[in-house]
Each structure stands twice: as C-alpha cells, then as structure tokens.
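Report on the structure
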Amino acid sequence: MKSIPLILMGVGGVGCHLLQHIVSCRSLHSQQGLCLRVAGVRDSKSLVIAEDLLNKGFDDSFLLELCRIKSAAGLSLSKLGDFGECRVFEHPESQGKILDIASQLGKTTGLVLVDCSASSDTVEVLKQVVDLGCCVVMANKKPLTSSMEDFEKLFTYPRRIRHESTVGAGLPVIASLNRIISSGDPVNGIIGSLSGTLGYVMSEVEDGKPLSQVVKAAKSLGYTEPDPRDDLGGTDVARKALILARLLGHRINMDNIQIESLYPKEMGPDIMTVEYFLGHGLSLLDKDIQERVEKAALNGNVLRYVCVIEDSRCEVGIQELPKNSPLGRLRGSDNVLEIYTRCYSDQPLVIQGAGAGNDTTAAGVLADIVDLQDLFP
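All of these numbers come straight from a predicted model, not from anything done at the bench. (Residues numbered from 1 in each chain as written. Predicted model: local features only at pLDDT ≥ 70, side-chain atom pairs only at ≥ 80, totals over all residues. Heavy atoms only, no water.)

What to know about the side chain of Ser203
This is how the line gets drawn: Comment: elements are numbered from the N terminus, with helices defined as DSSP H or I runs of at least four residues and strands as E runs of at least two. Two N or O atoms form a polar contact when they lie within 3.5 Å of each other; inside protein one atom must be a possible hydrogen donor and the other a possible acceptor, and for residues adjacent in sequence the pair counts only when both atoms belong to side chains. Contacts are residue-level and defined by heavy atoms, with any inter-residue pair within 4.5 Å sufficient.
Residue placement: Ser203 occurs in helix α9 (residues 196-205). Polar side-chain contacts of Ser203 include one of 3.1 Å to the backbone oxygen of Tyr200. Residues in contact with Ser203, not counting those within four places in the same chain, are Arg304, Leu330, Arg331 and Gly332.

What about the UniProt feature "binding site: NADPH" (unreviewed entry) in the protein?
As a reminder of what qualifies: UniProt positions are given in the numbering used here, feature names are shortened, and annotations may be inferred rather than shown by experiment. Throughout this description, buried means an accessible area under 20% of the type-specific maximum (1.4 Å probe, protein chains only), exposed means over 50%, and partly exposed covers the range between.
The positions UniProt marks with the feature "binding site: NADPH" (unreviewed entry) are Lys141. Within the secondary structure layout, Lys141 lies in the loop between β6 (135-138) and α6 (148-154). Judged by its relative accessible area of 17%, Lys141 falls in the buried class. Apart from the residues lying within four places of it in its own chain, the contact partners of Lys141 are Thr166, Asp236, Arg239, Lys240 and Ile243.

A few points about the environment of Glu291
Position of Glu291 among the secondary structure elements: in helix α14 (residues 286-298). Sequence spacing of Glu291 and Leu111 is 180 residues, and the spatial spacing of their C-alpha atoms is 54 Å.

What to know about the pairing of strand β8 (residues 187-193)
Selection criterion: Any two strands with at least two DSSP-identified bridges between them are counted as paired.
Burial analysis of β8 places five of its seven residues in the buried class, which makes it a mostly covered element. Bridge count between β8 and strand β12 (residues 334-341): six bridges; the pairing is antiparallel. The residue of β12 that forms the bridge with Gly189 is Tyr340. With four bridges joining them, β8 and strand β10 (residues 301-310) adopt antiparallel strand pairing. Residue pairing in the sheet places Ile191 in a bridge with Val308 of β10.

Structural notes on α9
Among the 10 residues that make up α9, 10 are buried, leaving the element largely enclosed by the rest of the structure. The set of residues buried in α9 consists of Gly196, Thr197, Leu198, Gly199, Tyr200, Val201, Met202, Ser203, Glu204 and Val205.

Comments concerning the layout of surface pockets
The following threshold applies: Cavity means a closed set of points on a 1 Å grid over the protein atoms alone, one where a 1.4 Å probe fits but cannot get out, pocket means an open set with protein on both sides within 12 Å along at least 5 of 7 lines, and lining means a residue has an atom within 4 Å of a point. Grid points are joined across faces, edges and corners, and a volume is the space filled by probe spheres set on the points. Only Asp, Glu, Lys and Arg are considered charged in this grouping, and only Ala, Val, Leu, Ile, Met, Phe, Trp, Tyr, Cys and Pro are considered nonpolar; every other residue, Gly among them, is considered polar.
As a volume, the largest pocket reaches approximately 1,400 Å³. Around the largest pocket sit 50 residues that line it, and Val14, Ala118, Lys141, Glu225 and Asp236 are the ones nearest its centre. Among the secondary structure elements, those contributing two or more residues to the lining of the largest pocket are α1 (13-24), α7 (165-168), α9, α11 (229-232), α12 (235-247), β12 and α15 (358-371). Considering every element that reaches the lining of the largest pocket, the biggest residue donor is α7, with four residues. For the lining of the largest pocket, the class distribution of residues is 13 nonpolar, 24 polar and 13 charged.

Have a look at this one:
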C-alpha cells in the first residue's frame, strides 16, 4: 500500500468537500493500493497536526467532525484540541511547523501541501516546501498570479506541482494544455468563458432579460459572490487567463491584462455599498448591455464574457461571437474553452463542462493529489 501524507491549507467549502471526498474514496483508493493520510489541516487562525503524523494521520471520524465544526458551526480548528488526537499551533507559529514537517517528510516519505485557501499569503510557504522536496496541489489561484518571480520559483520542479482546479474546477484544462505543449504543437490562441457566473449572465441577457434582473437571479441561485461585483469586475477571469498565458510562456503580470468591468469605477465597493448597488446602481447598467446585445444579434452574433490569449495579447471582457460557435452555443453556468493550435486550426479543441462549485473543484484537487502518486516511494 502506497501512503501519501498531506497537509491541507484552507477548510472552507472546497477544503471541507476535499476531506469528505478523501473519506468516501477510501475503498476505491485501497483497491488501487493507495492511502491518502491527512497529517495536518490549517485554517486562517490555527493548524492542527495529527499526534502520529508519521504513521497514521487523522482517522476519518476526526476529519468528518472537523468538517462539521467548520461548515456548520464556523468555529476555529483550535476547538479540535478537546478531542485529544491532535496538537494545535496558532499563527504565526503554524507556518514554521509546516516547514518543519516538510523538511522531515520531504527527505523520507514525501508530503503534499494542498492549498484550498483564497489567500495570497500562502505563496511563501509553498515556495519553501517545493525546495524541501515536497509536492504542491493548488485550487488557490493567487500564488500563481503573484509576481513572475514567485511563479517561476514554484515551477522550479514542475513535476511536483499540480493546479488543475485553479482554472476550470474539475475540467481537464491544464492537463490538456500541458499535453499540447509537450507534443510541440504550437498554441496560436485560446478563447474561453471561464466564469460560471458570467456565462450564466451573458446567456440570460441574450434572451432579452435585463442585466439587473439576471444578476439578482444569479445571486439568489448562489452563482455569485456575496458582492456580485467580485464576479462582474472580471478579476477572477483575469487570474485564470494569466495562469494560462504564463503556461504558454508569456512573462506577464496582472497589470498587463486588459480587463473590462461590467460596472464603472463610480459603482465600486469603496464608493457604493452592496445593498445600494443591487437596489439602485445595477439597473443603470441595463440599457447599455441591452443595446450591445441587440447590435450583436443584428450581426448574427451573441455576447460572451471571455478571456482571449493570442500572440502577446491577453485580455478579458465582452466579445461578439458567432451564435453557432461552441462559445456562442453556451448556456447556463458551464465553462467553455476553445484552444487553437497547428493541429486544431480550423476546428479548435473544445473543453466544456461545469467549471465551478465546491464539489467539482474538490474532485479536481483530489485527482491532482492521486496523480502525484508515482513520485512517492
């Protein structure tokens, strides 16, 4: 039986679903000769480490109780100290402890550090554990969209890095792109709808519904962030575009990407509250979007909010696209990516499916962890 020790950073929706997936897949992984051993879990306040992290890790009942405490009660992991199966370390001591464990296990059994947080502060510990011979799996986009220096440092040992869920949740976007790059087939362009929220919004306004009505419906369905401007501003899509562009070899940063926001600066979070934006500001955007929808329809096209990577150009915003193209046919919250290469010139490689959701994202993270098993003794 091959055993992979791991430490999880971030136990929000994705992190909790990942732990639940690990527990539910025990039988499957056992049949494959594999055991995933959760040695530690860190939230924004503290780190819990298994008493016997070298041999056993946390048992499944402890992991499920941990998920209950985080998702139902919203408590700190430090509360788990009462169960006696773990040691608790508060910040900032927790980062040093992770590095101690990484130093010890990196030379012996190996270790996977899994980043399911939404923090930009994890990049330093990720860079250091890679240097210590450990592996890294990320759902968190921020470490890969910080400085170019950080990005290159993380990829000093590319075989130890997996980050499929940073772009398309569980979709095989990164794996497909890496296969194309490895084959020597030059990528000429990528265009994709990489936000389930904005995919839903643009396909609904195409039917003549006001933008304000569609955004409020998306919020009620749980598609948007608590402040929908976090989606409408395009920053999340830009981060995904930056990751793809850097994989293609473009040495660019976030400020090199042209981002079209669906709301003006004077409606920003620092000027307008969420409540006022939803109640008054949002409806002021209806007319402009409706006019753009009608103009596109006259040309036989539809509007989609997409990222475009072509030559040295990387931009994010609304584009007119043929109604019968893969992106033009997009409905609902799916992600769609079109990849154009020498081999896929007239008909692009199209990847489509659910590109968001805690369950789907966690499944993608778990697949990345399992994919690393050949690097473990």
